[in-house]
Amino acid sequence: MAEMIKSWLECIRCGEKYDFSEIRYTCECGGTLDLKRDLSQVDGRKLKQMWDERWGAKRGVYASGVWRYKELIFDCDEQFVVTRQEGNTRLYDAGKAGEYAGLKNFMLKHEGENPTGSFKDRGMTCGATAAKYYGAEMVACASTGNTSASMASYAAVSGMKSVIFIPEGKIAYGKLAQALAFGGKTLQIEGNFDDAMALVQDVCRELNIYLLNSINPFRIEGQKAIGFEVLQQLDWQVPDWFVIPGGNLGNNSALTKGLQELFELGIINKIPRIAVIQAAGSAPLSKMWKEGADYVAVKDPDTIATAIKIGNPVSWEKSLRGIEWTNGVVEDVTEQEIMDAKAWVDAAGIGAEPASCCSVAGAKKLVDAGVIKADESVVGILTGNILKDPDAVIGYHKDELGHMGIKGTFANKPQVIKAEVEAVKAAIS
Ligand SMILES: *Cc1c(COP(=O)(O)O)cnc(C)c1O
Ligand SMILES: [Zn+2]
């Protein structure tokens, strides 16, 4: 596009508009902000043609599966762009996981194939770019793991310092390892994720550090590219459903925001339904949805799917608005359902971390309930890599998660045998 699209920040609660020349994460009223753009003069067909021409770019900004869609991500000067050629992740046939879910046409978009192993890289490339655009030297986030791994990497490649606030208790090993390895200043605080989230917002305000949680509107803009890329991989044929895990609820908000923009531009003319899946032990949105109740945060969220162990998600309003727009649904799944679904995602040869497998567990539950029909086309988002949380994998397959109430239903137990051919024969027959 020769001309940049006019854009601004807008409060999703009261509609107040802000120029984004100044750093701002929330409205004066406390509402979260959207990056809005005036699409009335934009030719959707030209945009789509341009994106198709960029597909397969070998180098430069457009080799990224996020910046390929730059016009609808953050149309800043290229000198600010911080990229690791994120995105460009595969869309798999779900194989055995599809049979398990009871679906004939089930695809899995593997966001665990991003540079640091989760979809967070899509939001982070855009957030880190915004940090550069604002001239920040230090960035911070509260994190259950993947956000910190991603932020530490993007800060390192672009020469910024990073500070990470991690809740006490267990954080998945793979994620902590990355954060430390990439040089993030890692602070473990007393309290859970929600406490860390509240603290980091105060710290950023007081110490003039740039905040890179998904409350940051630029993070959401980058994450929209998951949906864009799925549709481009499907030659812009819209599936009937997207199924996606929900923790802080930024990712599903991003997905629906992107779809809304494509719809407004006439690039798609069907709206897929969104199913957001929470872990039963940390499911404030699902509770609200099912009971028609007011929003109430969950006090002590708990789940083996640590990436979504969040009781007070910052983006619940954005999320709800998007789900309603798509005529979507919210569901929650038990620990056992998550880990059994994971066993099938893994056994299909694809593999993903526990939170990701809410997509498959949720799809199965919704098929069983008749909400999703067996012959509908469904895209599940796998949000993170299988190696992020090896403890969960080993624990399940050795059937050692009893203390969490999880049985190794489909366990593939390692066996100890004598070093003799006869013993091998007995073991593999
Ligand atoms: C962050 C994360 C989620 C949750 O995404 P939200 O935007 O917080 O809802 C799910 N799965 C994985 C692997 C994650 O890293
Ligand atoms: Zn407001």
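Before any of the text, the structure's been laid out above.
Computed from a predicted model, the values in this text were never measured in an experiment.

## Overview of the site of ligand 1
For step 1, the next point in the chain: Of all residues adjacent to ligand 1, which total 15 residues, the nearest are K120, N146, G247, N248 and T383.
For step 2, the next point in the chain: Within the backbone of N248, an N or O atom sits 2.8 Å from an oxygen atom of ligand 1.
For step 3, the next point in the chain: Backbone polar atom of N251 to an oxygen atom of ligand 1: 2.8 Å apart, as the coordinates give it.
For step 4, the next point in the chain: Its free accessible area being 380 Å², ligand 1 has 97% of it covered by the protein chains.
For step 5, the next point in the chain: Spatially, ligand 1 is embedded in the largest cavity.
For step 6, the next point in the chain: Taken together, the residues of the shell around ligand 1 break down into five nonpolar, eight polar and two charged.

## Some details on the nonpolar core
For step 1, the next point in the chain: L72, I73, F74, F165, Y210, F218 and L262 are the most contacted members of the largest nonpolar core, which has 91 residues in total.
For step 2, the next point in the chain: A per-element tally of this core places helix α6 (residues 193-207) first, with six residues.
For step 3, the next point in the chain: Look past the residues within four positions of F218 in its chain and what remains in contact with it is F20, L35, F74, G123, C126, G127, A130, Y134 and Y210.
For step 4, the next point in the chain: One finds Y100, A279, A361 and V378 within the second-largest nonpolar core, a separate group that totals 40 residues.

## As for the pairing of strand β12 (residues 329-333)
For step 1, the next point in the chain: Most of β12 is tucked away: five of the five residues are buried.
For step 2, the next point in the chain: The two faces of β12 match: V329, E331 and V333 on one face and V330 and D332 on the other face are all buried.
For step 3, the next point in the chain: With five bridges connecting them, strand β11 (residues 273-279) and β12 associate as parallel partners. For A275, the partnering residue across the bridge sits in β12 and is V329.

## Focus: the packing of aromatic side chains
For step 1, the next point in the chain: What the rule picks out here adds up to 19 aromatic pairs.
For step 2, the next point in the chain: On the basis of an interplanar angle of 75 degrees and a centroid distance of 6.0 Å, the ring pair of F20 and F74 is categorised as edge-to-face. With a gap of 54 residues between them, F20 in the loop between β2 (17-18) and β3 (33-37) and F74 in the loop between α1 (44-54) and β4 (91-93) connect regions that are remote in the sequence. Residue F20 shares its accessibility class with F74, and that shared class is buried.
For step 3, the next point in the chain: Ring centres 5.8 Å apart and planes at 20 degrees place the aromatic pair W51 and F228 in the stacked group. Of the two residues, W51 sits in helix α1 while F228 sits in helix α8 (residues 225-233), which places them 177 residues apart along the sequence. The two residues W51 and F228 agree in class, both being buried.
For step 4, the next point in the chain: Here a set of aromatic residues connected by ring pairs shows up, and it is made of F20, Y25, F74, F80, Y133, Y134, Y210 and F218.
For step 5, the next point in the chain: In this structure, R24 packs its charged tip against the face of Y18, placed 4.1 Å from the ring centre.

Cut-offs applied
- Note that residues are indexed from 1 along each chain, following the sequence as it is written.
- All chains are assigned letters beginning with A, and all ligands numbers beginning with 1, in the order in which they are written.
- Local features in this predicted model are restricted to residues of pLDDT 70 or higher, and side-chain atom pairs are both shown and tallied only at a pLDDT of 80 or more, whereas totals for entire chains, interfaces and linings draw on every residue.
- Side-chain metrics in this entry use all non-hydrogen atoms of the structure; hydrogen atoms and water are not considered.
- We define proximity as follows: a residue is near a molecule or strand when any one of its heavy atoms falls within 4 Å of that partner.
- Distance and chemistry together define a polar contact, namely a pair of N or O atoms within 3.5 Å, with one atom able to donate a hydrogen and the other to accept it when in protein, and with adjacent residues in sequence counting only for side-chain atoms on both sides.
- Areas reported here follow the Shrake-Rupley algorithm with a probe of radius 1.4 Å; residue values treat only the protein chains shown as occluding.
- The pocket and cavity definitions rest on a 1 Å grid over protein atoms only: a 1.4 Å probe that fits but cannot leave marks a cavity, an open set with protein on both sides within 12 Å along at least five of seven lines marks a pocket, and residues lining either have an atom within 4 Å of a point.
- Pocket or cavity membership: a molecule qualifies when more than half of its atoms sit within 2 Å of the grid points of that site.
- Ten residue types, Ala, Val, Leu, Ile, Met, Phe, Trp, Tyr, Cys and Pro, are classed as nonpolar, four, Asp, Glu, Lys and Arg, as charged, and the remainder, Gly among them, as polar.
- By convention a nonpolar core is built from buried Ala, Val, Leu, Ile, Met, Phe, Trp, Tyr and Cys residues, the set being connected through side-chain atoms within 4.5 Å.
- Classification of residues uses two cut-offs on accessible area relative to the type maximum, computed with a 1.4 Å probe and protein chains only: under 20% is buried, over 50% is exposed, and between them is partly exposed.
- By the criteria applied, helices consist of DSSP H or I runs no shorter than four residues and strands consist of E runs no shorter than two, each listed in order from the N terminus.
- The criterion used for residue contact is that any of the two residues' heavy atoms lie within 4.5 Å.
- When DSSP finds two or more bridges between a pair of strands, those strands are recorded as paired.
- Paired rings are identified among Phe, Tyr and Trp, the last through its six-membered ring, by centres lying within 6.5 Å, and are further divided according to the angle between planes into stacked (under 30 degrees), edge-to-face (over 60) and tilted (the rest).
- Here, over-ring charges are defined by two tests on the NZ atom of lysine or the CZ atom of arginine: distance to the ring centre within 6 Å, and angle to the ring normal within 35 degrees.

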